[in-house]
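Architecture at a glance
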Amino acid sequence: DAGVTQSPTHLIKTRGQQVTLRCSPKSGHDTVSWYQQALGQGPQFIFQYYEEEERQRGNFPDRFSGHQFPNYSSELNVNALLLGDSALYLCASSSTGESPLHFGNGTRLTVT
Amino acid sequence: AQRVTQPEKLLSVFKGAPVELKCNYSYSGSPELFWYVQYSRQRLQLLLRHISRESIKGFTADLNKGETSFHLKKPFAQEEDSAMYYCALSWSSSNTGKLIFGQGTTLQVKP
């Protein structure tokens, strides 16, 4: 079992561009959560997907959107990138009604 | 608002010394508390959760609702304990996808 896998591992984008990050959950998990971790900070909850719908959302602008596919994999999209969006983006998966979260290694996004 | 505070950014101890990583939270209900650990070049992983009441790698943590704290303790630190530790809070035991994390404490165990 590969656990939670994320792609790409690193990404460099220019301010104003759009980016898509991808996540495959751990086998048997149906819920995917996304977190943003700025340098020197703890992870911050962006949103959670279950049954292909956004179930919970943190305090992030609409520029951050997501999607979950029938195979439970998920994408995080960020539009109109700002320099402040530079961070490590973590995906975590879990089973409905169970915890804990299993995290991926993250995608390091740099916005120049 | 819900908040998790880890007052120490860095905690440095010698091997064999006791360790206490502090975590305080603010939440009006009955939260579920976790400690996550990230070893060098590894992913974030669960260390322990308060409802399990178990000891993992010699670490324990007791939820003190009166003091709203969930400090992580180990009587004798080992060099392999060196890592980043995050305290996290969830207000739903059935859906812990939304966690509030503290800023983290780096534990450095010196030989």
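Predicted model only: the values in this text are computed from it and were never measured.

1. As for the overall build of chain A
Secondary structure summary: chain A contains zero helices and eleven strands in total. Put simply, chain A runs from its N terminus to its C terminus through helices and strands in the order β-β-β-β-β-β-β-β-β-β-β. Principal-axis analysis of the C-alpha atoms gives chain A an extent of 40 × 25 × 25 Å. Buried positions account for 50% of the 112 residues belonging to chain A. A distance of 12 Å separates the average location of the 8 positive side-chain charges in chain A from that of its 10 negative side-chain charges.

2. Here's the deal with the interface of chain A and chain B
Listed by partner, the interface residues are 23 residues for chain A and 19 residues for chain B. Buried surface at the junction of chain A and chain B, summed over both partners, amounts to about 1700 Å²; 43% is from carbon and sulfur atoms. Those elements giving two or more residues to the side of chain A that touches chain B turn out to be β4 (31-37), β5 (44-50) and β6 (53-57) of chain A.

3. Observations concerning the confidence of the model for chain B
Predicted confidence across chain B gives a mean pLDDT of 90, with 95% of residues reaching 70 or more. Per-element confidence in chain B ranges from a low mean pLDDT of 90 for strand β6 (residues 45-49) of chain B to a high of 98 for strand β11 (residues 105-110) of chain B.

4. Side note on the sheet that holds strand β3 (residues 19-21) of chain B
All names here are of chain B. If you walk across this open sheet you meet the three strands as β3-β8-β7, and the pairing is antiparallel. Two strands lie at the open edges of the sheet, namely β3 and β7 (60-61), each paired on one side alone. Bridge count between β3 and strand β8 (residues 72-74): three bridges; the pairing is antiparallel. Pairing of E20 across the sheet is with K73, part of β8.

5. Some details on the pattern of salt bridges
Residue and element names in this part refer to chain B. Tallying each qualifying case throughout the model produces eight salt bridges over all chains. A salt bridge links E20 to K73, with the shortest nitrogen-to-oxygen separation between them at 3.6 Å. Note that E20 is positioned in strand β3 and K73 in strand β8, a separation of 53 residues in sequence. The class for E20 is partly exposed, based on a relative accessible area of 29%.

6. A few points about the sheet that holds strand β8 (residues 74-78) of chain A
All names here are of chain A. Pairing is antiparallel in the open sheet, where four strands are placed in the order β1-β3-β8-β7. In the strand order of this sheet, the two ends are held by β1 (5-7) and β7 (64-68), each with one partner. Across this sheet, the average inter-strand angle for adjacent strands is 20°, counted without regard to direction. The pairing of β7 with β8 spans five bridges and is classified as antiparallel. Counterpart to F64 in the pairing with β8 is V78.

7. What about unusual backbone geometry?
Across the junction of S7(A) and P8(A), the peptide omega takes the value -10°, indicating a cis bond. Note on placement: P8(A) falls in the loop between β1 and β2 (10-13). Phi angles above zero are rare outside glycine, and Y72(A) is one such case at about 80°. Its location among the elements puts Y72(A) in the loop between β7 and β8. A relative accessible area of 40% means that Y72(A) is categorised as partly exposed. The phi dihedral of T68(B) is positive, around 45°, even though this residue is not glycine.

How each quantity is defined
- Residues numbered from 1 in each chain as written.
- Chains lettered and ligands numbered in written order.
- Predicted model: local features only at pLDDT ≥ 70, side-chain atom pairs only at ≥ 80, totals over all residues.
- Heavy atoms only, no water.
- Helix = DSSP H or I, 4+ residues; strand = E, 2+ residues; numbered from the N terminus.
- Buried < 20%, exposed > 50% of the residue type's maximum accessible area, 1.4 Å probe, protein only.
- Lys, Arg positive; Asp, Glu negative; His and termini not counted.
- Charge placed at Lys NZ, Arg CZ, Asp CG, Glu CD.
- Contact = heavy atoms within 4.5 Å.
- Buried area = accessible area lost by both parts, 1.4 Å probe.
- pLDDT = per-residue confidence, 0-100.
- Pairing = 2+ DSSP bridges.
- Salt bridge = Lys/Arg side-chain N within 4 Å of Asp/Glu carboxyl O.
- Axes fitted to C-alpha atoms, helices over the stretch in contact; angles between N-to-C directions.

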